[in-house]
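# Descriptive analysis of the structure
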Amino acid sequence: MPSFVQIIEFTGTFAFAISGIRLASAKQFDWFGAYVIGLTTAIGGGTIRDLLLGVTPFWMTDPSYVICSGLALIWVILFSKTLIHLNNTFFIFDAIGLALFTMIGITKTLALDFPFWVAIVMGCITGAAGGVMRDVLINELPLVFRKEIYAMACVIGGWVYFVCHWLNFDPIITQLAGGASVFLVRIVAVKYQIGLPILKGEV
Amino acid sequence: MPSFVQIIEFTGTFAFAISGIRLASAKQFDWFGAYVIGLTTAIGGGTIRDLLLGVTPFWMTDPSYVICSGLALIWVILFSKTLIHLNNTFFIFDAIGLALFTMIGITKTLALDFPFWVAIVMGCITGAAGGVMRDVLINELPLVFRKEIYAMACVIGGWVYFVCHWLNFDPIITQLAGGASVFLVRIVAVKYQIGLPILKGEV
Amino acid sequence: MPSFVQIIEFTGTFAFAISGIRLASAKQFDWFGAYVIGLTTAIGGGTIRDLLLGVTPFWMTDPSYVICSGLALIWVILFSKTLIHLNNTFFIFDAIGLALFTMIGITKTLALDFPFWVAIVMGCITGAAGGVMRDVLINELPLVFRKEIYAMACVIGGWVYFVCHWLNFDPIITQLAGGASVFLVRIVAVKYQIGLPILKGEV
């Protein structure tokens, strides 16, 4: 039986892969190319985190991420015409995935005895770097740097985690509070179209 | 005296580097930029593989790859006008390189005790990721995700390797069969312009 | 009290981050996006070097680089209109940073017992790869591959280091001579608009 966290993780991986596969389809990628973009979106952030931390990338010890991205591809192939009606559902799953991946990144970094500011950076990378890699591979400006608050939600969730940890809260409570913050900031940001200020400048 | 495998490896590295240098030349890169693109095309896939596997990148212990890419640059500078007549030759060399690099990636991964599905992913990365890095650096959509079967040939070769291995074939036979599959799939795919289905979708 | 090298390193990091943040501002990035581009420009080269060398990335053990890039962001936000008058100053700081980062890359690689040609490659990566990552993220052709001599200055400085080292010069003198070469080559190249030949070719 998969645990509750495993079910959430699978759902988040699926939502991240779907977002990559759909953007790849807009660029006329073939099935294999779309699969690679979906997989990169789903596991890219955690892979960069693990390389920086000096540990074996998480997906190399468990085939479920590679399989989950394959299921996402089949799903998009079968239901491409109806996916647009599920946009709100995917958005919720994506936000849940963002929250969970950020918490996984922070917890793993702290378990390796890095300081807190490194953990926040790694939470951010785990949550957001896959989407950046996706946008680089499909030759677009990274969306997370221009649109509604995304990576900043990971930073805020990281600080909430830090405060709860400092107040000696139970680890489960600390992670739930941090993850809920990421999720809520993201939902509120998109609902009210809140973005950070755009930087203006002449080069 | 270089061994037979070393000669094939040098030829493949040369063909990969040539492909990068020629695409760079279409973008008005200078000699140094073209060299970097050629080198990245040739060693990029193996470098990503080695970082993921947690070992020192292969080219850092043997200067021949860096030198080989330099020779490829000199070749393009000297014979740029006649290269177009050699397109078929380069295509054959490129397919040989793809086959050999895939087998090297699989063998190295298995030798480090990773499971088979990781080895197939690594064979694919070794063969195809350098071309993806090349296309990202010259700011184009990665070719391998849209054109004739390329990375998929590495996956098929990986499965042939797996079946031969499972049937207890001699390691040399197993590698030859796997490499020959990669080579043949690639040649047939280009000759008959066989590609995977294009993914259609609305975002 | 920070040492002389630390002051130079901070100045170089600041100049690299400023260059990234200003290019991001031309692409309508938000503050967070601009910060990430600035940070990547400043620490990207050294991070790739450390991953290839198999050591923990330098910025993960010292928060000053992350803070320095944040100060660069605040600077650009506050003084965006007057920055254009400081172009010459930033250019000098950037060249100083390039020289110092190259020498740090070479020294660190040699300290890990890699051969000299690897150290020159790593000096080059430390100095120039951050700018390449910046250009990939803002979806532009990498500037260093097409404009005035940049990465080539790192290679020349590496050779000067090598010759001084081979002549048994004092380590401090060796590093100063190498760094001064990088700086001078870069300044002269921009002042007289010296570039490497452009590679012409038909694909």
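Notes on the structure in this doc start here.

About the criteria used
Residues numbered from 1 in each chain as written. Chains lettered and ligands numbered in written order. Predicted model: local features only at pLDDT ≥ 70, side-chain atom pairs only at ≥ 80, totals over all residues. Heavy atoms only, no water. Helix = DSSP H or I, 4+ residues; strand = E, 2+ residues; numbered from the N terminus. Rg over C-alpha atoms; globule rule 2.2 N^0.38 Å. Buried < 20%, exposed > 50% of the residue type's maximum accessible area, 1.4 Å probe, protein only. Contact = heavy atoms within 4.5 Å. Areas by Shrake-Rupley, 256 points an atom, 1.4 Å probe, with all protein chains shown as cover. Core = buried A, V, L, I, M, F, W, Y, C linked by side-chain atoms within 4.5 Å. Phe/Tyr/Trp six-rings, centres within 6.5 Å; stacked < 30°, edge-to-face > 60°. Lys NZ or Arg CZ within 6 Å of the ring centre and 35° of its normal. Expected span 1.5 Å × (residues − 1). Polar contact = N/O pair within 3.5 Å; in protein donor to acceptor, adjacent residues only side chain to side chain.

### Looking at the overall build of chain A
Across its full length, chain A holds 7 helices and 0 strands. If you list the helices and strands of chain A from N to C, you get α-α-α-α-α-α-α. Relative to the 2.2 N^0.38 estimate, which gives 17 Å for 203 residues, the radius of gyration of chain A is 17 Å and therefore close to what a compact globule would have. The principal-axis extents of the C-alpha atoms in chain A amount to approximately 50 × 50 × 30 Å. Within chain A, the proportion of its 203 residues that are buried is 54%. Once local pairs closer than 6 in sequence are excluded, the contacts in chain A between residues at least 24 apart make up 74%. Of the roughly 9000 Å² of accessible surface on chain A, a fraction of 70% belongs to carbon and sulfur atoms.

### A closer look at the nonpolar core
Ranked by size, the top nonpolar core spans 181 residues in total, and within it Trp59(A), Trp59(B) and Trp59(C) carry the most contacts. Not counting the four nearest positions on each side in its chain, Trp59(A) is found in contact with Ile43(A), Thr47(A), Tyr65(A), Val66(A), Leu52(B), Trp117(B), Val121(B) and Met122(B).

### Quick notes on the packing of aromatic side chains
According to the stated counting rule, one finds 24 aromatic pairs over all chains in the structure shown. Summarising the aromatic geometry, the rings of Phe116(A) and Tyr161(A) are spaced 6.0 Å apart at their centres and angled 50° between planes, so their arrangement reads as tilted. You can see Phe116(A) sitting in helix α5 (residues 116-137) and its partner Tyr161(A) sitting in helix α6 (residues 151-166), a full 45 residues away along the chain. Judged by relative accessible area, Phe116(A) falls into the buried class, the value being 15%. When its relative accessible area of 6% is taken as the criterion, Tyr161(A) is described as buried. Summarising the aromatic geometry, the rings of Phe145(A) and Phe29(C) are spaced 5.5 Å apart at their centres and angled 45° between planes, so their arrangement reads as tilted. Separated into two different chains, Phe145(A) in the loop between α5 and α6 and Phe29(C) in the loop between α1 (4-25) and α2 (31-53) make up a pair that spans both. Assessed through its relative accessible area of 0%, Phe29(C) is described here as buried. Chaining the aromatic ring pairs together yields one cluster made of Phe116(A), Trp159(A), Tyr161(A) and Phe162(A). The cationic tip of Lys191(A) hangs over the ring face of Tyr192(A); the distance from NZ or CZ to the ring centre is 5.9 Å.

### Topic: helix α7 (residues 171-191) of chain B
All names here are of chain B. Helix length check: α7, at 21 residues, gives a terminal C-alpha distance of 30 Å against a target of 30 Å (1.5 Å per residue), a fit within 8%. Those residues of α7 lying buried are Thr174, Gly178, Gly179, Ser181, Val182, Val185, Arg186, Ile187 and Ala189. On the buried face of α7, the contacting elements are α4 (87-111) and α6 (151-166). Sitting at the head of α7, Asp170 places a side-chain oxygen 3.0 Å from the backbone nitrogen of Ile172. Gln193 sits one or two residues past α7 and shows a positive phi near 45°.

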